[in-house]
Amino acid sequence: MDYNVLAPDRDRIASDIGELASTFVEGAQPGWTRRVFSDAYIASRAWTLSKMREAGLETRIDPAGNVVGILPGRNRSAKPLMTGSHTDTVHGGGRFDGIVGVVGAIETVRRLKETGTRLERDLVIVDFLGEEANPFGVSCVGSRSIAGLLDVEHLDRTDEDGVRLADAMVRAGLDPHEALSQAWKPGSLHGYVELHVEQGPVLEKSGAAIGVVTAIAGIERLLATFTGRADHAGTMPMDMRHDALAAAAASVVVVEREGCGAPVHGVSTVGRIESGPGSFNVVPDNARFWAEMRSTEADWLTGAKRRVAESIGIEASNRGVDLVVEWLNDQAPVRAHEKIQDTIARAADDLSFDWEAIPSGAGHDAAHLAHLGPMGMIFVPSISGRSHCPEEKSDFAQIAQGVHVLTTTLLHMDRTPAVRPSA
Ligand code: HGY
Ligand code: MN
Ligand code: MN
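Residues numbered from 1 in each chain as written. Chains lettered and ligands numbered in written order. Predicted model: local features only at pLDDT ≥ 70, side-chain atom pairs only at ≥ 80, totals over all residues. Heavy atoms only, no water.

K.L.:
Sorry if this is basic, but what is going on with the sheet that holds strand S7 (residues 218–227) here?
P.N.:
To summarise the sheet geometry, strands pair through backbone hydrogen bonds and adopt either a parallel or an antiparallel arrangement. If you walk across this open sheet you meet the four strands as S8-S9-S7-S10, and the pairing is antiparallel. Strand pairing shows two members of the sheet lacking a second neighbour, strand S8 (266–276) and strand S10 (322–331), which therefore form its edges. Recorded for the sheet is a direction-independent mean angle of 15 degrees between the axes of neighbouring strands. Two strands pair when backbone bridges link them, and S8 and strand S9 (residues 286–295) are joined in this way by ten bridges, in the antiparallel orientation. In the sheet register, Ile273 faces S9, and the bridge partner there is Phe289. Helix-sheet contacts for helix H9 (residues 244–260) involve S7, S8 and S9, and the interaxial angle to S8 is about 170 degrees. Together, S7, S8, S9 and S10 form the strand contacts of helix H10 (residues 298–318), whose direction differs from that of S9 by roughly 160 degrees. (Pairing = 2+ DSSP bridges. Helix = DSSP H or I, 4+ residues; strand = E, 2+ residues; numbered from the N terminus. Axes fitted to C-alpha atoms, helices over the stretch in contact; angles between N-to-C directions. Contact = heavy atoms within 4.5 Å.)

Pasting the structure below:
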């Protein structure tokens, strides 16, 4: 088969991405903000649904708020294929993170229909609800629900106003109770593949058009709370202070040092710090920060969690400051299935696109869908490697190449026998 006939319509992709970005954004801050449960996000779900309907899909919004479209295959009892991503953003985010995978999935359906290419299996495309980290501390809400990884403990998590995730879902017209019980069975997918922007500099540096993802990093997130003692900043001698902010600041450097010294793929970040009471002339008696470590290597990640907890404990006790560490999220690294990696590479070769194998430092819905069947991911380059910021950008011609590889990969997967789950 000449896979070039499946080439996507680049201008249509650009128009969809532009329409979503310009129509559904929160507030006037720089970048494109569309956070889960915001009015802009809730309104945008109808947009995704209409795009799927226009493409001729059977559509629904499931109890967890995932927008689901199905392209019927010839054999409806065959295990389906699935692809998708997310359209929520971080605060002040970009126009491409996640969105490329949803728009790309819809364009794949259009091209299959326009070329009269019928799949053997159903193709399920999903715009997963709430992939990004949120004030409830539960990312990937929609894909966890489909994968059977959303539980009551997640629904009871509260934001800083004490609102439960379950209540926020009800306010958005969703059904958290049903979201707990709609899980698909492990092994129920013939395969899952997701198109996404790389969000880093590797592909741009190497010149490869396509990234074949080898693994998705695991993430350990923590909230460290330091409690010291308020004193007069002018009179209390340095060696008699219990300075919570000084302990937290020294601990920020501990977290940074953990990632900088990683012998394997490993990074660490403190994304936010707060302290009080906040006057020049008062020794701070409280501070807290939110941090995360990531790696595709489980052993390093486990070790980093232990080393950071020990070291920041020392920074606190050296200053007579109390410390409470709360671990918020423990997402293990997930390997992409070898056979799906090979299929993506084969599709890129069919289309004469240069590709390279690459780990994902970013988390993705695909990490959860791996519980339902063999998983793979396709990356396209990010300009200057930037993401989660207004400067996030990918070239539409390269996005179209990624969509072309997605379509061709799905065609190959449709025709290959079931693969055994990864070892
Ligand atoms: O944080 C992440 O890695 C993803 O972009 N949500
Ligand atoms: Mn993403
Ligand atoms: Mn993201």
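K.L.:
Honestly, the coordination of the manganese ion (ligand 2) in this entry has me stumped. Any pointers?
P.N.:
Octahedral metal centres with six donors ideally show angles of 90 or 180 degrees, and tetrahedral centres with four donors ideally show 109.5 degrees. Each protein donor to the manganese ion (ligand 2) is listed here as His86 (NE2), Asp97 (OD) and His196 (NE2); together their distances run 2.1 to 2.3 Å. If you list the donors of the manganese ion (ligand 2) from N- to C-terminus, the spacing comes out as H-x10-D-x98-H. (Donors = N, O, S within 2.8 Å, 3.2 Å for Na, K, Ca; no water.)

K.L.:
Could you clarify how one ought to interpret the packing of helix H2 (residues 39–54) against helix H3 (residues 99–114) in this entry?
P.N.:
At a closest axis distance of 10 Å, the pairing of H2 and H3 adopts a crossing angle of 15 degrees. It follows that H2 is roughly parallel to H3 by the angle criterion. As for the relative orientation of H2 and H3, their crossing is left-handed in sense. Residue-level inspection shows Trp47, Thr48, Lys51 and Met52 of H2 in contact with H3, the latter providing Val102, Val103, Ile106 and Arg110. (Parallel < 35°, antiparallel > 145°, perpendicular 65-115°, else oblique. Left-handed = near helix turned anticlockwise from the far one by under 90°.)

K.L.:
Which parts of the structure should I look at to understand empty space enclosed by the protein?
P.N.:
Empty space left among the atoms is revealed by rolling a probe the size of a water molecule over them. Scanning all chains against the criterion turns up one cavity of 30 Å³ or more. Lining the largest cavity are Asp88, Thr89, Val90, Gly94, Asp97, Glu132, His388 and Glu392. The class makeup of the residues in the lining of the largest cavity is one nonpolar, three polar and four charged. (1 Å grid on protein atoms, 1.4 Å probe; cavity = no way out; pocket = protein on both sides within 12 Å on 5 of 7 lines; lining within 4 Å. Points joined across faces, edges and corners; volume = space filled by probe spheres on them. Nonpolar A, V, L, I, M, F, W, Y, C, P; charged D, E, K, R; others polar.)

K.L.:
I would appreciate a short explanation of the site of ligand 1 in the present structure.
P.N.:
Around ligand 1, the neighbouring residues are Asp97, Glu131, Glu132, Gln199, Arg221, Arg294, Ala362, Gly363 and His388. Glu131 is positioned such that a nitrogen or oxygen atom in its side chain is 3.0 Å from a nitrogen atom of ligand 1. At 2.7 Å from an oxygen atom of ligand 1 is found a main-chain nitrogen or oxygen belonging to Gly363. Its residues assigned to classes, the shell around ligand 1 comprises one nonpolar, three polar and five charged. (Near = heavy atom within 4 Å. Polar contact = N/O pair within 3.5 Å; in protein donor to acceptor, adjacent residues only side chain to side chain.)

K.L.:
Help me understand the packing of aromatic side chains, please; the structure alone is not making it clear to me.
P.N.:
To describe a pair of aromatic rings, one takes the distance between the centres and the angle between the planes. All chains considered together, the criterion is met by four aromatic pairs. Measuring from centroid to centroid gives 6.2 Å for Phe37 and Phe136, while their planes differ by 80 degrees, and the two rings are edge-to-face. You can see Phe37 sitting in the loop between helix H1 (10–23) and H2 and its partner Phe136 sitting in the loop between strand S4 (123–128) and helix H4 (141–147), a full 99 residues away along the chain. Of the two residues examined, Phe37 and Phe136, each falls in the buried class. With a centroid separation of 5.6 Å and an interplanar angle of 55 degrees, the aromatic rings of Phe226 and Phe289 are classed as tilted. In this pair, Phe226 sits in strand S7 while Phe289 sits in strand S9, placing the two residues 63 residues apart along the sequence. The class for Phe226 is buried, based on a relative accessible area of 0%. A cation sits over an aromatic face here: Lys305 above Trp327, 4.9 Å from the ring centre. (Phe/Tyr/Trp six-rings, centres within 6.5 Å; stacked < 30°, edge-to-face > 60°. Buried < 20%, exposed > 50% of the residue type's maximum accessible area, 1.4 Å probe, protein only. Lys NZ or Arg CZ within 6 Å of the ring centre and 35° of its normal.)

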